[in-house]
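Descriptive structure summary
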Amino acid sequence: MRRLAVVFVLSLLLAACVSSPAAVPTVQGTPSADEVNAVAKNLYCPVCANVPLDVCGTAACAQWRGQIAELLAEGYSEQQVYDYFAAQYGQSVLALPPARGLNWLVYVIPPLGIVLAGFLLGRNLARWKQSAAGAADLPTVDDDYARSLEEELKARR
Amino acid sequence: MIADLGFFALLVAFLLALYACAAAAYGHWRKQARWVASARSAAVLGFPLLTVACASLVYSLVNLDFQLQYVTQVSSHSMPLYLRATALWGGQAGSLLFWSWLMAAFTFAVMLREWRRDRDLEPWVIIVTSATLAFFLALILFFENPFLRYWQGITGTVWTAMWQPAGAQPYIPMDGNGLNPLLRHPGMIIHPPMLYIGFVAFVVPFAFAIAALVTGRSDDRWIRVTRRWTLVAWLFLSLGLILGSRWAYDVLGWGGYWGWDPVEIAAFMPWLTGTAFLHSVMIQEKRGMFKHWNMLLIILTYCLVIFGTFLTRSGVLSSVHAFAQSAIGPMFFAFISLTFIVSLALLNKRWSTLRSEVEMTSLLSRESLFLINNLLFMGILLICFWGVVFPIVSEASGGIGRAIPALAHIFTGQRATVGPIFYESATGPLWAALLLLMGVAPLAAWRASTARTLGRTIWKPFIVSLVVLAGLLVGGMRNPLGLLSLWICAFVLLVTIYEFWRGAQARMQRGENPLQAFWRLIGRNRRRYGGYIIHLGVILIAVGIIGIEMFQQETQGRLAVGERMHLGSYSIEYESLAEFETPDGRLVDRAVVNVYKDGAFLTQLYPRRDFYYESQQAMTIPGLRSTLENDVYVLLVDWEAVSASSATFKLYVNPLVNWVWYGGFVFIFGTLVASWPEAELRPVRQRLRAANTERA
């Protein structure tokens, strides 16, 4: 049970880790192209085919990057820029869906699946551990090749 | 005329595929071998017929028969000959035909094998392969016919039909739209065929698995028969993925090779289950365990192949790799559902006969470590699958919100995007665990191993790997995740090399020189050492991925002529920009950029932007300097029109990325070694020959 709890906590940590992209510090003054790209990396243009905004070559995306620069220059934080774009164009522009409503499933399902697999594995763990305790007595079923290799190496020693 | 020939060949191939299914089923039911033989002949004929259909389409493409709608869509006067021919797989209809041709080729090859020992499986293998082929041919004939022609009515209306409608005249456009610029790359000429071969080849192990389920055979015969087929499928799928990555690196202008795009993931998912399957079948062969699991894995792999094809072709997902929206989506969905349900129902029916012959006895056995390996693959699959389908689920769930207003704030119906950060964060730890297991698992003994036995084999590489770690720290690396992942790579690499060394050492005792010992070591046990070579390839790929993912640097800036931009020890200088047109219909803007390292001139690069007049699409082609240490990757983002007095560049330094490609070569070589027929077979043949001579 304790093991299960550990796996569960680890999974939640994994989920938390997934849901928080690296933060970009708030920009003072005119933002550089790198500062704009750091924000644009986590945004998608709704008209392009699944290309992040920082590398999209279309004129529309260049305009969006200009808009990000303007917002950052006005003192918007990274999160405020994301919120602004999501409010304007819908949540599909965000590289990660905000953790609310149905979107929680994005973050919960994979860790739950891993917890479930861990649980199933853990259920058999005790049995295998018991067997492993007596493994010294168990004859190993090594393949012929490995056995002959070990024997030859032993003979050399 | 040629198009008519192609269409008739297609039609006959479809009818024959249907006949093969029916005749094989009837032959099995009535226990009449002649019906099964007839079904086999029909299945064999599919390949030559579809060769005729493909050749007809290629002929039309090469000769620019613009009356064919497909030719107009993907070809043009300005395209060179080789691109006109490869435009066969440049559009939806043509690529479906190409897919079917490959499918027919594999059916043809599998039908020509020696069936004496597997008579009971034969009808069902024919049914599964022919049913799959018939499905794809039906899609082509009824939804995506590449031989449709343009016709013009008296009123000037243009429409498409196979044959001339009453009162209509042939309509031949002056020129075609040309191939999508993204597909005009050498990588795109090879990448789709490799991927398709990988996809279609998985139908062979799946067909044998279904045949074993239907006939109730619980032995591992189907696995032994299909081992090499599976390896071939896996080899081509891996090759397709590696080539696709290289194409993305060269053409998409992302600064990387893998964008976790839904279509990329769709091709990656069958690779995950296929890899798990290749590991897991060893347990069934050796210990008679995991029979249910292996069935499930091959069913999943096949269904994921069809699912990937569905995602790419239905238009349900937005991707740079996807074909346009098409009406074939629902058909695909129905086919996947039917295949999955029927396969699972069969597995359920045979559940009790597929019980393991022995029990798992120890946590430290090779079988238990392989099981954990399989679970890790499945974990990654779950993350990938969920990330790909969630956007569809989020959009489709809007119906619930509309039906139950109280739940409208949960089921908003807004489409969500799941970007690379999700996949990278969620799969990262699982990849690390897999990598570590890759070094340890092959050293564990079957049934039971002890920590002491395992420790004895790995302690030396472990100590050396710590020296490598210390070297990295002394070299100034401080990124904890980078250190951990590179240490894992070093450890697994050393363990694998040590295994080669131990094996060669044993042979050298027999008086063989080191080169002979190494060569014969691999030759006499190809499966084992081929596997180790594959692992070496994976480690090299992993080093490349760690390099670019964790240590990539990038910057962007606008430079006046003669001005420099710096990134780490590198700097680039904008020298000039030229604009010119090319005979293949491009307007090219090409910059000349000087690259310096620590202030010393290194090389000149030519990043450019190609604008295709026909499709009105622009392509950003990087300027690239590649070494084993890193790639300097320069993109031309923007420039001052007319004067070109200044231009904006994006500069990336991608450490170790070339290891991905070199690792790919090692990986492919290892797969070839592992799938090559074992040397032990030769004496058998020799013995047979000797016996025959004696008898004579």
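What counts and how
Residues numbered from 1 in each chain as written. Chains lettered and ligands numbered in written order. Predicted model: local features only at pLDDT ≥ 70, side-chain atom pairs only at ≥ 80, totals over all residues. Heavy atoms only, no water. Helix = DSSP H or I, 4+ residues; strand = E, 2+ residues; numbered from the N terminus. Rg over C-alpha atoms; globule rule 2.2 N^0.38 Å. Buried < 20%, exposed > 50% of the residue type's maximum accessible area, 1.4 Å probe, protein only. Contact = heavy atoms within 4.5 Å. Areas by Shrake-Rupley, 256 points an atom, 1.4 Å probe, with all protein chains shown as cover. Lys, Arg positive; Asp, Glu negative; His and termini not counted. Charge placed at Lys NZ, Arg CZ, Asp CG, Glu CD. Polar contact = N/O pair within 3.5 Å; in protein donor to acceptor, adjacent residues only side chain to side chain. Domains from an automatic or database assignment. Buried area = accessible area lost by both parts, 1.4 Å probe. Salt bridge = Lys/Arg side-chain N within 4 Å of Asp/Glu carboxyl O. Pairing = 2+ DSSP bridges. Axes fitted to C-alpha atoms, helices over the stretch in contact; angles between N-to-C directions.

1. Some words on the overall build of chain B
Helix and strand content of chain B: 21 helices and 13 strands. Whereas a compact globule of 696 residues would reach a radius of gyration of roughly 26 Å, chain B reaches 28 Å, a difference of no more than 12%. Along the longest, intermediate and shortest principal axes, the C-alpha atoms of chain B span 80 × 80 × 75 Å. For chain B, the proportion of its 696 residues judged to be buried stands at 59%. Considering only contacts within chain B whose residues lie at least 6 apart along the sequence, 70% involve residues at least 24 apart. Taken as a whole, chain B presents about 28300 Å² of accessible surface, with 65% of it coming from carbon and sulfur. In chain B, 54 side chains carry a positive charge and 40 a negative one; their mean positions are 16 Å apart.

2. Here's the deal with the environment of Gly122(A)
Residue and element names in this part refer to chain A. Mapped onto the fold, Gly122 is located in helix α5 (residues 104-133). We classify Gly122 as partly exposed; its relative accessible area is 23%. Separated by 39 residues in sequence, Gly122 and Asp83 have C-alpha atoms that sit 42 Å apart.

3. Topic: the side chain of Thr427(B)
Residue and element names in this part refer to chain B. Counting through the fold element by element, Thr427 comes out in helix α15 (residues 420-440). For Thr427, a relative accessible area of 1% puts it in the buried group. Among the polar contacts made by the side chain of Thr427, one reaches the main-chain carbonyl oxygen of Tyr423 at a distance of 2.6 Å. With near-sequence residues (within four places) excluded, Thr427 lies in contact with Trp260, Ile380 and Ile383.

4. Things to note about the domain arrangement of chain B
Residue and element names in this part refer to chain B. Assigned domains of chain B: these are domain 1 (1-180) and domain 2 (551-658). Centre-to-centre separation of domain 1 and domain 2, based on C-alpha positions: 44 Å. On the domain 2 side, the residues contacting the seven residues of domain 1 number six residues. Taking both sides of the interface into account, the surface hidden between domain 1 and domain 2 amounts to around 410 Å²; carbon and sulfur atoms contribute 33%. If you sort the residues of domain 1 by the area they bury against domain 2, Ser78, Asn177 and Asn180 come out on top, with a joint share of 74%. The interface formed by domain 1 and domain 2 holds zero salt bridges in total.

5. A few points about the sheet that holds strand β4 (residues 553-560) of chain B
Residues and elements named next belong to chain B. The four strands lie next to each other as β4-β13-β12-β11, forming an open sheet whose pairing is antiparallel. Since the sheet does not close on itself, it has two edges, and those belong to β4 and β11 (623-626), each with one partner. This sheet shows a mean twist of 15° between the axes of neighbouring strands, independent of strand direction. Two elements, β4 and strand β13 (residues 646-655), share eight bridges in a ladder whose sense is antiparallel.

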